[in-house]
Amino acid sequence: MADLTPLLAFRWSPRAFDPGNELRPGEAASLLEAARWAPSAENRQPWRFALGHRDDDTWKRILINLPGGDQSWARHASALVVGAHTGGDAERAAYDLGQAMAHLTVQATALGLHVRQVTRFDRAGLATELDLPGDVRPLVVAAVGRLGDPYALPPDLLARETALRHRHPLPFLLLR
Ligand SMILES: Cc1cc2nc3c(=O)[nH]c(=O)nc-3n(C[C@H](O)[C@H](O)[C@H](O)COP(=O)(O)O)c2cc1C
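For every chain, the first residue of its written sequence is number 1, and the numbers climb from 1 along that sequence. Residue-level local features of this predicted model are given only where pLDDT is at least 70; pairs of side-chain atoms are given and counted only at 80 or more, and the full residue set underlies all totals for whole chains, interfaces and linings.

J.: Break down the site of the ligand for me, citing the residues and quoting the values.
T.: Only the C-beta atom, placed from the backbone, is used; a residue is near a molecule or strand if that atom lies within 6 Å of it. In the vicinity of the ligand, the contacting residues are Trp12, Ser13, Asp70, Arg116, Gln117, Val118, Thr119, Arg120, Val140 and Arg165. The helix and strand labels rest on DSSP assignments: H or I over at least four residues marks a helix, E over at least two residues marks a strand, and numbering proceeds from the N terminus. A total of three residues in the shell around the ligand trace back to one element, the largest contributor, which is strand β3 (residues 114–118). Gly counts as polar in this scheme, as do all residues outside two lists: the nonpolar Ala, Val, Leu, Ile, Met, Phe, Trp, Tyr, Cys and Pro, and the charged Asp, Glu, Lys and Arg. The residue makeup of the shell around the ligand, split by class, is three nonpolar, three polar and four charged.

Given below as structure tokens:
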């Protein structure tokens, strides 16, 4: 494998979060600052965020709109971050939001945090729950926290948590 910066090599998406961990002062701001400095088409910055810390009102409103199976592990995350996009060109805005979330994820790794993103959730329900303006479209929820005990997960999730991660080989990805 070619060299990879440790910030990317150490990143992965767990479901086992430490239920006792709270984000330290400045960590939430640091995550959002990283997202804010992502590149975007014409520098439109078509992203918006909502961040809830475990058990606060925003966090609860986000959590209840995740599928039940995801709530079971996401409720141990220290924070839940909604990534939403806005503006006329939804496809391009969604691409830009993805860049912002990737920045957030790399910054999380630098802070010793882990992130698991979820896009399967009740978008309309979450928009209503957070009272979002009509042109702000939630697309992703990122669960952020410190690694927890995988053996606290139910058996099916434990198996997935400890399975080998894989990627398509580079030659498969290259079009020419
Ligand atoms: C855009 C996006 C959507 C995802 N949606 C879900 C999801 O709905 N539920 C889930 O458990 N994981 C979700 N994931 C996590 C992926 O399954 C995970 O990133 C992938 O399996 C690769 O594993 P790794 O991040 O550990 O390298 C999502 C990740 C991304 C980037």
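J.: Describe helix α5 (residues 90–110), with residues and values.
T.: Helix length check: α5, at 21 residues, gives a terminal C-alpha distance of 30 Å against a target of 30 Å (1.5 Å per residue), a fit within 8%. With C-beta atoms placed from the backbone, a residue is labelled by how many other C-beta atoms lie within 10 Å of its own: buried for 20 or more, exposed for 12 or fewer, partly exposed between the two. Those residues of α5 that sit buried are Ala93, Asp96, Leu97, Ala100, Met101, Leu104, Thr105, Gln107 and Ala108. By definition, residues are in contact whenever their C-beta atoms, placed on the basis of the backbone, come within 7 Å of each other. On its buried face, α5 is in contact with α2 (27–36), β1 (47–53), β2 (79–86), β3 and β4 (136–145). Looking one or two residues beyond α5, the residue adopting positive phi is glycine 112, at roughly 80°. Expected helix span is computed as 1.5 Å times (number of residues minus one).

J.: Tell me about the sheet that holds β1, and please be specific about residues and values.
T.: Between any two strands, at least two bridges found by DSSP are needed for them to pair. Spatially, the four strands line up as an open sheet ordered β1-β2-β4-β3, and their pairing is antiparallel. Edge positions in the open sheet fall to β1 and β3, since each of these has one partner strand only. Adjacent strand axes in the sheet meet at a mean angle of 25°, parallel and antiparallel pairs treated alike. Relative to β4, β3 runs antiparallel, the two sharing five bridges. Bridging across to β4, valine 118 finds its partner in valine 141. Between N-to-C directions, angles span 0 to 180 degrees; the directions come from axes that are lines fitted to C-alpha atoms, helices contributing only their stretch in contact. Contacts between α2 and the sheet are confined to β1, β2 and β4, with β1 contributing the most and set at about 165° to the helix.

J.: Can you break down the nonpolar core residue by residue, with the values?
T.: To count as a nonpolar core, a set of buried Ala, Val, Leu, Ile, Met, Phe, Trp, Tyr and Cys residues must be joined through C-beta atoms within 7 Å. By size, the foremost hydrophobic cluster in this structure holds 35 residues, and its most contacted members are Leu80, Val81, Leu104, Val141, Ala142, Ala143 and Val144. Elements with a contribution of two residues or more to this core: α2, β1, α3 (57–63), α4 (68–74), β2, α5 and β4. Take this core: its biggest share by element is six residues, from α5. When residues no more than four places from it in sequence are discounted, the contact partners of leucine 80 are Gly52, Trp59, Ile62, Leu63, Ala74, Val141 and Ala143.

J.: So what's going on with the pairing of β2? Residues and values would help.
T.: Counted residue by residue, β2 has seven buried out of eight residues, so it is predominantly covered. Relative to β2, β1 runs antiparallel, the two sharing seven bridges. Each residue of the ladder has a partner; that of phenylalanine 49, found in β2, is glycine 83. Pairing of β2 with β4 involves eight bridges; the strand directions are antiparallel. Across the sheet, residue threonine 86 finds its bridge partner in β4, namely valine 136.

J.: Give me the lowdown on unusual backbone geometry, citing residues and values where you can.
T.: In terms of backbone geometry, most residues other than glycine have negative phi values and most peptide bonds are trans. Here the phi dihedral of glutamate 42 falls at roughly 55°; this positive angle occurs in a residue that is not glycine. Relative to the helices and strands, glutamate 42 resides in the loop between α2 and β1. According to the C-beta neighbour criterion, glutamate 42 is exposed, with 9 such atoms within 10 Å. Despite not being glycine, aspartate 55 shows a phi value in the positive range, around 75°. By secondary structure assignment, the location of aspartate 55 is in the loop between β1 and α3. By the C-beta count within 10 Å, which is 10 here, aspartate 55 ends up exposed.

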